[in-house]
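Residue strings, one per chain:
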Amino acid sequence: MERKSLWVWLIVFFALVPLFSGSDYHLQLATQLLIFVILFIGVDIAVGHAGLVSVAHGALFGVGAYATAILTVDHGLNFWLSIPVGIALAAIFGLLIGILTLKLAGHYFVIATMAFALLIHTAAKNLPITHGELGITNISKPGVLGLFSGNQALSFYFLMAIATLVVVVVYFWLMRSAFGRRLRAIRDNPLLADALGIDISTAKLLAFVASASIAAFAGSFHAVFLTYINPAVTGYELGFTALMALIIGGRTTLGGIIVGAFIFAILPEMLRDAEQYRLVIMGAILIVVVQRAPAGIYGKLVDWAGLIRKRRP
Amino acid sequence: MSEVLLKVDGLSKSFGGLRAVSEVSFSVREGDIYGVIGPNGAGKSTLFNAIAGVIRPSAGQVYYRGSDVSTLNAFKKCRLGIGRTFQSSQSFSHHTVQENLQAAAYGPASSAMSWFRSQLTRDETRQVESVLEMTGLTELRDRYPADLNNLELKKLSIGMALVNQPKLLLLDEPSGGLIESEVGLLKAFLQGLNRNGVTLVLIDHKMSLVMSICNEITVIAAGKYVASGKPESLLNNSLVREVYLGHN
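Quick caveat: nothing in here was measured; it's all calculated off a predicted structure.

Student: How should the overall build of chain B be read in this particular structure?
Tutor: Of the regular secondary structure elements, chain B holds 9 helices and 10 strands. A globule of 248 residues ought to have a C-alpha radius of gyration of about 18 Å, and chain B, at 18 Å, matches this closely. With respect to the principal axes defined by its C-alpha atoms, chain B has extents near 55 × 40 × 40 Å. For chain B, the proportion of its 248 residues judged to be buried stands at 44%.

Student: Please clarify how the overall build of chain A should be interpreted in this entry.
Tutor: Helices and strands together make up the secondary structure of chain A, namely 14 helices and 0 strands. Along the first, second and third principal axes, the C-alpha set of chain A runs to 55 × 50 × 40 Å. Relative to its 313 residues, chain A shows a buried fraction of 48%.

Student: How do you make sense of the interface of chain A and chain B when you look at a structure like this?
Tutor: When the parts of a complex come together, some accessible area is lost, and that lost area is often used as the size of the interface. With 18 residues of chain A at the interface, the matching set in chain B holds 20 residues. Elements with a contribution of two residues or more to the side of chain A that touches chain B: α7 (178–188) and α8 (190–195) of chain A. For the side of chain A that touches chain B, the element with the highest residue contribution is α7 of chain A, accounting for 6 residues. Its residues assigned to classes, the side of chain A that touches chain B shows 9 nonpolar, 3 polar and 6 charged.

Student: Could you clarify how one ought to interpret helix α14 (residues 296–311) of chain A in this entry?
Tutor: The periodicity of an α-helix, 3.6 residues per turn, causes residues three or four places apart in sequence to face the same way. Helix length check: α14 of chain A (16 residues) gives 23 Å between terminal C-alpha atoms against 22 Å at 1.5 Å per residue, within 8%. Structurally, α14 of chain A contributes buried residues whose contacts are with α10 (236–249), α11 (254–265) and α13 (278–292) of chain A.

Student: How should the pairing of strand β8 (residues 199–203) of chain B be read in this particular structure?
Tutor: As a general feature of sheets, a regular strand has side chains that alternate between the two faces. Residues and elements named next belong to chain B. Judged by how many residues are buried, β8 sits mostly within the fold: 5 of 5 residues are covered. Along β8, one buried face is formed by Thr-199, Val-201 and Ile-203 and the opposite face, lined by Leu-200 and Leu-202, is buried too. In the sheet, strand β7 (residues 168–172) pairs with β8 via 5 bridges, with the strands oriented parallel. In the sheet register, Asp-172 faces β8, and the bridge partner there is Ile-203.

Student: I'm lost on the confidence of the model for chain B in this one. Help?
Tutor: Detail in the predicted coordinates should be disregarded across regions flagged by low pLDDT. Summarising the model, chain B shows a mean pLDDT of 92, and 98% of its residues fall at 70 or more. Two numbers describe this predicted complex: its pTM, 0.89, and its ipTM, 0.91.

Student: Help me out: how do you make sense of the nonpolar core in this one?
Tutor: All names here are of chain A. If you look at the biggest cluster of nonpolar residues, it comprises 164 residues, and the most contacted ones within it are Val-37, Leu-39, Phe-40, Leu-60, Ala-207 and Ala-215. For this core, the leading source of residues is helix α9 (residues 200–226), giving 17 residues. In this view, Leu-39 contacts Phe-61, Ala-215, Ala-218 and Ala-242; residues no more than four positions away in its chain are not counted.

Student: Where do I start with helix α5 (residues 106–126) of chain A in this structure?
Tutor: Residues and elements named next belong to chain A. Along its 21 residues, α5 runs 31 Å from first to last C-alpha, staying within 8% of the 30 Å computed at 1.5 Å per residue. For α5, the complete set of buried residues consists of Thr-113, Phe-116, Ala-117, Ile-120, His-121 and Ala-124. Around the axis of α5, the buried residues are gathered within 140° of arc, so they sit on the same side. Exposed residues lying more than 90 degrees from the buried face of α5 are His-107, Tyr-108, Ile-111, Thr-122 and Asn-126. Tucked inside the fold, the buried residues of α5 contact α3 (57–74), α4 (79–101) and α10.

Student: Help me out: how do you make sense of the packing of helix α3 (residues 97–106) of chain B against helix α5 (residues 150–162) of chain B in this one?
Tutor: When two helices pack together, their arrangement is given by the angle between the helix axes and by the axis-to-axis distance. All names here are of chain B. Between α3 and α5, whose axes approach to 8 Å, the crossing angle comes to 30°. Comparing the axis directions of α3 and α5 gives the class roughly parallel. For the pair α3 and α5, the sense of crossing is right-handed. Listed contacts from α5 to Val-97, Asn-100, Leu-101 and Ala-104 of α3 are Leu-156, Gly-159 and Met-160.

Student: Would you mind going over the pairing of strand β9 (residues 216–221) of chain B with me for this structure?
Tutor: All names here are of chain B. Within β9, 5 of the 6 residues are buried, which leaves the element mostly enclosed by the surrounding structure. Note: strand β3 (residues 33–37) against β9, 4 bridges, orientation parallel. Note that in β9 the partner of Val-36 across the bridge is Thr-218. Judged from the 5 bridges that link them, β9 and strand β10 (residues 224–229) form a sheet pairing that is antiparallel.

Student: Sorry if this is basic, but what is going on with the packing of α5 of chain B against helix α6 (residues 180–195) of chain B here?
Tutor: Residue and element names in this part refer to chain B. One can describe the packing of α5 onto α6 by two numbers: an axis separation of 10 Å at closest approach and a directional angle of 20°. Here α5 is positioned roughly parallel relative to α6, judged by the angle of their axes. Two packed elements cross with a definite hand, and for α5 against α6 that hand is right-handed. In contact with Asn-150, Leu-151, Lys-154 and Lys-155 of α5, α6 contributes Glu-182, Leu-185, Leu-186 and Phe-189.

Student: Is there a simple way to explain the environment of Leu-238 of chain A in this structure?
Tutor: Residue and element names in this part refer to chain A. Tracing the chain through its elements places Leu-238 in helix α10. For the pair formed by Leu-238 and Ala-56, sequence separation is 182 residues and the distance between their alpha carbons is 8.8 Å. In contact with Leu-238, not counting residues within four places along its chain, are Gly-58 and Phe-61.

Student: Is there a simple way to explain unusual backbone geometry in this structure?
Tutor: When glycine is set aside, most residues are seen to have a negative phi, and most peptide bonds are trans. Non-glycine residue Asn-138 of chain A carries a positive phi angle of around 55°. Summarising the element assignment, Asn-138 of chain A is placed in the loop between α5 and α6 (152–176). A positive phi angle is found at Ala-222 of chain B, which is not glycine, with a value near 50°. In this fold, Ala-222 of chain B is placed in the loop between β9 and β10.

Cut-offs used in this document
Residues numbered from 1 in each chain as written. Chains lettered and ligands numbered in written order. Predicted model: local features only at pLDDT ≥ 70, side-chain atom pairs only at ≥ 80, totals over all residues. Helix = DSSP H or I, 4+ residues; strand = E, 2+ residues; numbered from the N terminus. Rg over C-alpha atoms; globule rule 2.2 N^0.38 Å. Buried ≥ 20, exposed ≤ 12 C-beta atoms within 10 Å, placed from the backbone. Contact = placed C-beta atoms within 7 Å. Nonpolar A, V, L, I, M, F, W, Y, C, P; charged D, E, K, R; others polar. Expected span 1.5 Å × (residues − 1). Pairing = 2+ DSSP bridges. pLDDT = per-residue confidence, 0-100. Core = buried A, V, L, I, M, F, W, Y, C linked by C-beta atoms within 7 Å. Arc of directions from axis to C-beta. Axes fitted to C-alpha atoms, helices over the stretch in contact; angles between N-to-C directions. Parallel < 35°, antiparallel > 145°, perpendicular 65-115°, else oblique. Left-handed = near helix turned anticlockwise from the far one by under 90°.

Now the structure itself:
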């Protein structure tokens, strides 16, 4: 876990983003980054802390997005009320996936989560309730946004900043609690954890449900942010993206999650003029990080900062 | 006569067609230091894992304080008061000595609230301190397992089990990897634990330790019960001599 000063710097940084550039484009990029931060926090609970390498979280993100889209567009429900429904649905999916797959070891577990992601994706493509391939359009943004002088992009950015702050607080609280400690004990030495009285099955199941819920929470905001979703939002590509982001940024640290979100939200935009090389560059970054920085870019930065501090007289 | 704490009754364990342990029975009384010995491949570790709950017995029962605990998982047995250590010392390598003991203290509580507390209770903190003192690791509390010698690692491993105040402690090869002088120190440490009310069951190859510390021993060979009794009586037992020396 990280020092409190990081919190202060992050809050100051995200509060000042609108001052760096007032353009809608930049604010939307920053908003996308915050949505990714929430999703990656959810994935980090399963992957980083519990060691459950899941690629189903893209689909669980989609469950939240669809819950909000269907309930607000087709049933006229308030956005804020659609969030708990999305979370509950994803939690039930997480519970089901967990019960059926958590006994599987290593790559069998990864493949099983991919199968569930495909199931959810297929359902999104074919069920009438999801409007099939056409998706759902005209998803309206929540009603509190008039507060910010009519600037939708700025309003939504601040709303996301508050939502992200709430998730970060919950994440730190959970991971510093006995729950987080038990998860890391299981990840690091399951045999010993079992002998020390830790209920491994329950801990893993809770981790999966919590991470699925947070992914769905991010999905709800994603739906209203884009105002349009289609089955692509449930594709397992996003699950792989989240995994890569955590490997590149660094697992189990907020700094690592933000670096990962930056790389996957901002870097593609910066590489727009070199679109054909985007995947090559991402692949190269992944290879270099895996070989040179097993704790991710953030982990490497922390190491360097420590070295510089030591060299000071 | 003190109460029977652990009773192993006709315990067998097969892996496919291989019968690793066959109908082994023995009883451990409260306050005992009980040894289970046998040559390599005798099935000691399998027996130990079946008692600890890592694997389920194929047949037979394990009773703890009169209750059948044969099918309970390891974590449930820990919560009942059965601690264990492993053949190779186990710890959380990224944690310091003190953090390892704290991690052990966070383990067994089962209430819903216990999952979400962010601090140990006063009693648990006191217990961690007491274990640090008992194991002689107080000065080394900020060291990482990689910086400890073999005896310190053994003590850390035992200490983690002790944090949860077990009534029965199962020790798998506690003297493994230790030199003779360290075995002497370990023996004194284990006797101290026993005086403090912890009943010990140990599997070990080091006969000097087993014979000098245990008040009762069971010998198994090829997965089967051979003999049991006081150490001195077993030394003169022809069956035991045959198992160990290949002749009477």
